[in-house]
Amino acid sequence: MTPATYREALNQALREEMRRDDRVFLIGEDVAHYQGAFKVSKGFLEEFGPRRVVDTPITELGFTGLAVGAAMAGLRPVVEVMTFNFAILALDQIVNNAAKIRYMSGGQLTVPMVIRGPGSAAHQLAAQHSQSLEAWFCHVPGLKVVAPSTPYDAKGLLTSAIRDDNPVIFIEAQLLYPTKGLVGEGDYQIPLGVADIKRPGADVTLIAYSKMVVVALEAAERLAQEGIQVEVVDPRTLRPLDVETLVASVKKTGRAVIVEEGWPFAGLGAQIAESVYQQAFASLERPILRVTGGDVPMPYARNLEDAAVPNADRVVAAVHQVLR
Amino acid sequence: MERAQQFHLYRQMLLIRRFEERCAEMYALGKIGGFCHLYIGEEAVAVGAVEVLRPDDYVFSSYRDHGHCLARGSDPGRVMAELFGRATGLCKGKGGSMHLIDVERRFMGGYAIVGGHLPLAAGVAFATKYRGGDQVALCFFGEGALPSGACHETLNLAALWNLPVLFLCENNRYGMGTPVERAVALYQDVSQGAKAYGIEASRVDGMDVLAVHEAVSAAVAQIRATQRPYFLEAMTYRFLGHSMADPSHGHYRTKTEVDEAKQRDPLRLLKTRLVNEGRANDNEFTRIEQDVAAVVQEAVAFADASPFPSAQALEEDVCS
């Protein structure tokens, strides 16, 4: 294991896959000369050249659709969306083409591609640059959706996503890029669809993904000082969801809180809760609680933004409530 | 062009015509469901263009895709079975009329979001270039797709990156019920839109299969030689309604207009030419007619005898 930031972990995974397989290429806005808006593709143009590191005009529909076509013809594109806010412009290509072509063709075609970039809020980027849209993508059969929370997971999951034969939506978090951790040397895979217990505990299950894992772990640390042992479970892959691991944890603790940054109504936590209820209802001492983002477009003002994003205080309060 | 090839073009157009006439009957009988957009009147475009391609070239189409698929050589029985929603269909009955796909023939599919398949064709061309191949991606679309963002973004990318795509705009003058002059700013010469992106463009009489064949031959040769995209506008006309759900005339165009267009029926144009040039006699046309009738009859029989998809098929082919 070696130290790396989340950003470096992504860089390593992508670099190793591009070295391993000539069919893998990176395409997106400012990925080559600028080395990525968040510097994930640092050094790529130099190593792989413009054939495989492709700067695009600001046309998400066009280059995402083009990548779908390239995947249909046997390449393995990695599309960088500068942020997932801009993926909305490519939604028709993602939903109607990437996700459905395998099914519509009766299995004649596959679309092995990754669409990756940062989602969720950073700091004061306001309404159009701060949103968590994972529920939209998770809704669509034919897509896989991944949202790593640590450098180790980011590297292993991106490697698996690139080797997967399906379109994979890979949602990073802007505020996680500089976070540090340990990653494995060389290439390794973390299978898609397998959750990870980030902290074991017996009293309450905290289900969180992406940046909210950091918030959940902070809350768990504070609760431990009160003698409350929280188990933090990170699904890592949001679709397919590892319901089995979530259910096993909830059966053990009898209590669950879901932490998600997205909007509450029809949010991903509602689906996770439903999946857990189906199999662990009898084990639950209390209804599942959700800590979510505010049901508002993201405001600019710092104090309002803070109020719209889940934090450790709110998670601690929810855990107290579910223990009542 | 050799006489035999001209007859072949005629036969292919006739196959599409008779096949689709049977589609209309089968639709009325409830054997074909959903939206069903017939290509009758436009056959010369698909046949004249596809005939030019090599087997390893790629073809993309819109939701009005039966003609392109048949022109590419797909088995009429498996096409009809797909329209019937049967397990033996090209896509195991999961695609239907608007999503015929036959990868073996590099018929990459019919797509039903207007303009949405243009980037796919550019992507296949991108892959070809990436690998150093010389295949061409032929992309059919209606003039209704021209104002879409997908079209403009794709034209820009194809021109910018020198992608070997033949953009073949089938201008049948109506996007459903809206005439081109009320939808496309440069309606008098839509190729100006492509030229604005630096793509060479021209126009061809889409009712004349020999003219289409000649224009596409030149375009494809140029694309292979220069690795640059090309835009061809084929002026054509759909004789029936937008889909099986609407009549051929009434709301948005007159019977006189439709009748006038039928005077330039692509089958009649080629037949008249062959007869006038003394290259054919009635017996030959009768024989082609009989051949095609037998093929279509067999296709319907095959589809009718085929099983519906099994219950297990529902959840197959979603993900690997």
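All residue numbers refer to positions counted from 1 along the written sequence of the respective chain. In the order they appear in the text, chains get letters beginning with A and ligands get numbers beginning with 1. In keeping with the predicted nature of the model, local features appear solely for residues at pLDDT of at least 70, side-chain atom pairs appear and are counted solely at 80 or more, and the whole-chain, interface and lining totals rest on all residues.

Undergrad: Teacher, can you tell me more about the overall build of chain A here?
TA: Within chain A one finds twelve helices and 14 strands. Radius of gyration (C-alpha) of chain A: 19 Å, near the 20 Å computed for a compact globule of 324 residues. Along the three orthogonal principal directions, the C-alpha set of chain A runs to about 60 × 45 × 40 Å. Within chain A, the proportion of its 324 residues that are buried is 57%. Two residues qualify as a contact pair if the distance between their C-beta atoms, derived from the backbone, is within 7 Å. Considering only intrachain contacts with a sequence separation of at least 6, the fraction spanning at least 24 residues in chain A is 79%. Here a strand is any run of E in DSSP of at least two residues, a helix any run of H or I of at least four, and the numbering for each starts at the N terminus. A radius of gyration in this sense is built from C-alpha atoms; the matching globule rule multiplies 2.2 Å by the number of residues raised to 0.38. Counting other C-beta atoms within 10 Å of its own, a residue is labelled buried from 20 upward, exposed at 12 or fewer, and partly exposed in the gap between, with every C-beta atom placed from the backbone.

Undergrad: Help me understand the overall build of chain B, please; the structure alone is not making it clear to me.
TA: Across its full length, chain B carries eleven helices and eight strands. Taking 20 Å as the expected radius of gyration for a compact globule of 320 residues, we find that chain B reaches 19 Å, a close match to that expectation. Its C-alpha atoms give chain B principal-axis dimensions of roughly 55 × 50 × 40 Å.

Undergrad: Which parts of the structure should I look at to understand the interface of chain B and chain A?
TA: On the side of chain A, 33 residues touch chain B, which itself brings 30 residues to the contact. Listed by contribution, the elements that provide at least two residues to the side of chain B that touches chain A are β2 (107-110), α5 (118-131) and α6 (149-160) of chain B. Among the elements that make up the side of chain B that touches chain A, the one with the highest residue count is α5 of chain B (nine residues). Among the residues forming the side of chain B that touches chain A, the class breakdown is 17 nonpolar, nine polar and four charged. Under this grouping Gly is polar, as are all residues other than the nonpolar Ala, Val, Leu, Ile, Met, Phe, Trp, Tyr, Cys and Pro and the charged Asp, Glu, Lys and Arg.

Undergrad: In this structure, what is going on with unusual backbone geometry? I would like to understand it.
TA: Generally, phi is negative for residues other than glycine and the peptide bonds are trans, each holding for most cases. In this structure, Pro240 of chain A follows Arg239 of chain A across a cis peptide bond, with omega equal to 0°. Looking at the element boundaries, Pro240 of chain A is found in the loop between β12 (237-239) and α9 (243-253). Look at Met176 of chain B: it is not a glycine, yet its phi comes out positive at around 55°. The topology assignment puts Met176 of chain B in the loop between β5 (174-175) and β6 (178-179). Here Met176 of chain B falls in the partly exposed class, since 15 other C-beta atoms lie within 10 Å of it.

Undergrad: Mind showing me how you'd approach α5 of chain B here?
TA: One turn of an α-helix holds 3.6 residues; hence residues three or four places apart share an orientation. Residue and element names in this part refer to chain B. For α5, which comprises 14 residues, the first-to-last C-alpha distance of 20 Å matches the rise-based estimate of 20 Å (1.5 Å per residue) to within 8%. Burial within α5 is extensive, with eleven of its 14 residues counted as buried. By the burial criterion, the buried members of α5 are Leu118, Pro119, Leu120, Ala121, Ala122, Gly123, Val124, Ala125, Phe126, Ala127 and Thr128. Phi for Gly132, located one or two positions after α5, is positive at around 75°. Here the expected length of a helix is defined as 1.5 Å per residue gap, with one fewer gap than residues.

Undergrad: Just to check I follow, could you spell out the environment of Pro229 of chain B for this structure?
TA: All names here are of chain B. Relative to the helices and strands, Pro229 resides in the loop between α8 (209-226) and β8 (230-235). For Pro229, a count of 33 C-beta atoms within 10 Å corresponds to the buried category. With near-sequence residues (within four places) excluded, Pro229 lies in contact with Ala158, Ala159, Leu163, Pro164, Val165, Phe167, Ile199 and Ile223.

Undergrad: Would you take a moment to explain the sheet that holds strand β7 (residues 168-173) of chain A for this structure?
TA: The strands making up a sheet are joined through hydrogen bonds of the backbone, oriented either antiparallel or parallel. Residue and element names in this part refer to chain A. An order of β3-β2-β4-β5-β7-β6-β12 is seen for the seven strands of this open sheet, with the pairing classed as mixed. Since the sheet does not close on itself, it has two edges, and those belong to β3 (53-55) and β12, each with one partner. Looking at each pair of strands side by side, their axes are set apart by 20° on average, direction ignored. Two strands are said to pair when DSSP picks up at least two bridges between them. By the bridge criterion, two bridges tie strand β6 (residues 144-146) to β12 in an arrangement that is antiparallel. Pairing of Val146 across the sheet is with Thr237, part of β12. All axes are obtained by fitting lines to C-alpha atoms, using only the stretch in contact for helices, and the reported angles, taken between N-to-C directions, cover 0 to 180 degrees.

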